[in-house]
Amino acid sequence: MKSYSVRLIPVCLKKIMKMNASVIAEKKSIIEGQAEIRVSSQKVFYNPVQEFNRDLSIAVLSVFLDDFKKSFIEKAQKKAKRLTAEGIEPEKTIEVPITILEALSATGLRSIRYAKEVPNVTKIIANDLSEQAVETIKENIVYNGVENFIDTNHDDACMLMYKHKFHSKRFTAIDLDPYGCPSIFLDSAVQSVQDGGLLLVTATDMAVLAGNSPETCYCKYGAVSLKTRSCHEMALRILLQCIEHHANRYSRFIEPILSISADFYIRVFVKIHSGAFHCKKTTSKLSMVYQCVGCDNLTLQPLGAFKANPTEKNPGQIKSCLPLVPPVGEFCVHCNHRHHLGGPIWSAPIHNIEFVNRLLNHVEENSHKFGTAKRIIGVLSMVQEELQDVPLYYIVDKLFGRVHLETMPMLQLRSAILNAGYQVSFSHASKLSIKTNAPAQLIWDIIRTWEKTHPIKQNKLETDEAAKYILSQEIKNNIDLTERADANPNSRRNGALRFQFNPTPYWGPGSRASINVSEGKMHKAAKNQNKKRKKQEKREHSPQSDNVERKKQHVSDKITVE
Ligand SMILES: C[S@@+](CC[C@H](N)C(=O)[O-])C[C@H]1O[C@@H](n2cnc3c(N)ncnc32)[C@H](O)[C@@H]1O
Ligand SMILES: [Zn+2]
């Protein structure tokens, strides 16, 4: 035994020394925004593709904190007036403490950028569970000269947040940017944000949220996800209901100001307020979703509603009630098939458009400050145009594909909806989306009208009962397919960068830092990177390939599985 250890120790030591030397040698510099950080590759998590996420968060925080500061000062001035009236001398200067917690900080890049680029911030805490990450954060803070702004903390994010749940210790904003699912951090996060403060949450487990594993989605988010055409927006709405559910336990509730689906992840920005009375409105902001298994038609069933309850004193009074169910029959009226049930999802608006307008102005005026400004402007322009009161959407080629028809041009379909007197918009979450308040009957009538001039090959119908049923139904609406100028929204007409192709050859949520990842998993991740692009390239080079351009458009709609 002794001889082994004598022989082995120096070998191990040599190995460790070699590893350390290579780690030091591998340390590289990354410049993003006003920050320059140094990371030893693979030991601490850094994902360059998330620059858009960080840029957008800086813009949102800048506008939000400006509002927050103004309202804080207003309240303080009112209080000062009241005190003066009571003969008490108020404080001479008003200090606005603005604190941000980056609960899962990795390299510290985000915190450093917040410190350097977001005005009005007084203190940031950059926390991480990994000791190595905290060491890196400390080095980067010194390297960037922001020691006065950022404190580091080495703890489990939940433990740290629970220590800050008391009023005086709460943060103005908390940023949660985990690997995969953020739900384990929500209970502590919703308690540790100030009233009117901001919670910023990323989720990258899109496969779970988008219906690949509804059971797992229920375990993690308390909602059943559905594999549906509007899965990206449904993912946002599942996350929002999950945050609301956590907040309601503490008589708190959310106000979403911006909810974005981008690349392989979703990111929501929600204000947190307190008020047990307002929490009673939650059920009317949530819905179950019936999905027809034949035609994919989606029907929402709200969990709560309001009805008139006039009194002499208050004729406009309303009261909450339970809505009548179900909203669909046993069989779908469009295709005669049955339904799946998903949800609950957040069915109230997912953005605050007044905030989005100001945010867009801010980014346009400061575009030189953001590496991804063009894309932010493109995405926000679409968000601005989205129909706010219409949850979820159709995907145009899936609609026509369902009945084996050639796809109608987007502008013609949008025109037909407008001609019938309804509203239509895109969703920022999908290039081929159709968001509309028109009933599904109208959409199928448009498709049936299109079929008259673009007839289906009869052999396609023989084995497809749903398609046969849909196309055999009588057209009940007057359909006018004449194209109109207002069917083309400004964001599309102005050529805004609304969707982008993979920004780098190896992109995605990124792997956990190597200290947490087994070699097998890393190997699999590397093998799977850009799997879809590789497949697509193979297809494009094969003689069977057709309609390549249209397939390319789907890149933006893809779900990248972690
Ligand atoms: C996706 S990275 C964060 C990226 C970072 N926000 C950025 O913008 O570059 C997730 C980080 O969370 C840390 N982490 C994982 N579980 C944690 C926990 N329970 N508490 C605190 N940090 C945790 C990991 O060590 C990792 O550094
Ligand atoms: Zn159906």
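Residues numbered from 1 in each chain as written. Chains lettered and ligands numbered in written order. Predicted model: local features only at pLDDT ≥ 70, side-chain atom pairs only at ≥ 80, totals over all residues. Heavy atoms only, no water.

- The protein appears in an unreviewed UniProt entry as tRNA (guanine(26)-N(2))-dimethyltransferase from Leptosia nina.
- For the record of the protein, the UniProt heading Sequence similarities (unreviewed entry) holds the text "Belongs to the class I-like SAM-binding methyltransferase superfamily. Trm1 family."
- Taken directly from UniProt, the Catalytic activity (unreviewed entry) text for the protein runs: "guanosine(26) in tRNA + 2 S-adenosyl-L-methionine = N(2)-dimethylguanosine(26) in tRNA + 2 S-adenosyl-L-homocysteine + 2 H(+)". (UniProt positions renumbered as here; feature names shortened; annotations may be inferred.)

## A word on the pairing of strand β6 (residues 171–176)
Successive residues of a regular strand alternate their side chains across the two faces of the sheet.
Then, in step 1: With 6 of 6 residues buried, β6 is to be regarded as a mostly interior element.
Then, in step 2: Looking at chain direction, strand β3 (residues 99–102) and β6 are connected through 3 bridges and run parallel. By the bridge assignment for β6, glutamate 102 is matched with aspartate 175.
Then, in step 3: Taken together, the 5 bridges between β6 and strand β7 (residues 193–203) define a ladder with parallel strand orientation. Across the sheet, aspartate 175 pairs through a bridge with leucine 200, a residue of β7.
Then, in step 4: After leaving β6, the chain enters helix α6 (residues 186–191) and then returns to the sheet as β7, a path that is right-handed. (Buried < 20%, exposed > 50% of the residue type's maximum accessible area, 1.4 Å probe, protein only. Helix = DSSP H or I, 4+ residues; strand = E, 2+ residues; numbered from the N terminus. Pairing = 2+ DSSP bridges. Right-handed = clockwise from strand over helix to strand, strands pointing away.)

## Brief notes about the site of ligand 1
Then, in step 1: Within the structure, ligand 1 sits among 19 residues, and Glu102, Asp128, Asp156, Ala157 and Asp177 are positioned closest to it.
Then, in step 2: Residue glutamate 102 places a side-chain N or O atom 2.8 Å away from a nitrogen atom belonging to ligand 1.
Then, in step 3: Relative to its free-state accessible area of 610 Å², ligand 1 is covered by the protein chains to the extent of 91%.
Then, in step 4: Here the shell around ligand 1 is composed, by residue class, of 9 nonpolar, 3 polar and 7 charged. (Near = heavy atom within 4 Å. Polar contact = N/O pair within 3.5 Å; in protein donor to acceptor, adjacent residues only side chain to side chain. Areas by Shrake-Rupley, 256 points an atom, 1.4 Å probe, with all protein chains shown as cover. Nonpolar A, V, L, I, M, F, W, Y, C, P; charged D, E, K, R; others polar.)

## Details of the pattern of salt bridges
Then, in step 1: A full pass over the atoms with the stated rule returns 24 salt bridges.
Then, in step 2: Close ionic contact of glutamate 32 with arginine 54 constitutes a salt bridge, the shortest N to O distance being 2.8 Å. Residue glutamate 32 is located in strand β1 (residues 28–32), and its partner arginine 54 is located in helix α2 (residues 51–85); the two are separated by 22 residues in the primary sequence.
Then, in step 3: Using a relative accessible area of 3% as the deciding quantity, one classes glutamate 32 as buried.
Then, in step 4: Salt-bridge contacts for arginine 110 lead to aspartate 177; the nearest nitrogen and oxygen are separated by 3.2 Å. Of this pair, arginine 110 sits in helix α3 (residues 109–117) while aspartate 177 sits in the loop between β6 and α6; the two residues are 67 residues apart in sequence, bridging distant segments of the chain. Assigned by exposure class, arginine 110 and aspartate 177 land together as buried.
Then, in step 5: Overlapping salt bridges bring together Glu32, Arg54, Asp55, Arg113 and Glu117 as one network. (Salt bridge = Lys/Arg side-chain N within 4 Å of Asp/Glu carboxyl O.)

## Examining the packing of helix α11 (residues 353–365) against helix α12 (residues 373–385)
Then, in step 1: In the contact formed by α11 and α12, the axes pass within 10 Å of each other and the chain directions differ by 155°. The angle between α11 and α12 falls in the class roughly antiparallel. The two elements α11 and α12 cross, and the hand of that crossing is left-handed. Residues Ile353, Val356, Asn357, Leu359, Leu360, Val363 and Glu364 of α11 touch α12, and the partners they reach there are Ala373, Ile376, Ile377, Leu380, Ser381, Val383 and Gln384.
Then, in step 2: Taken together, the residues of the contact of α11 with α12 sort by class into 10 nonpolar, 3 polar and 1 charged. (Axes fitted to C-alpha atoms, helices over the stretch in contact; angles between N-to-C directions. Parallel < 35°, antiparallel > 145°, perpendicular 65-115°, else oblique. Left-handed = near helix turned anticlockwise from the far one by under 90°. Contact = heavy atoms within 4.5 Å.)

## Considerations on the environment of serine 415
Then, in step 1: In this structure, serine 415 sits in helix α14 (residues 410–419).
Then, in step 2: Judged by its relative accessible area of 0%, serine 415 is buried.
Then, in step 3: Residues contacting serine 415, with those up to four places away along its chain left out, are Thr482, Glu483, Arg484 and Ala487.
Then, in step 4: Here the side chain of serine 415 touches arginine 484 through a polar contact of 3.1 Å, landing on its backbone nitrogen.

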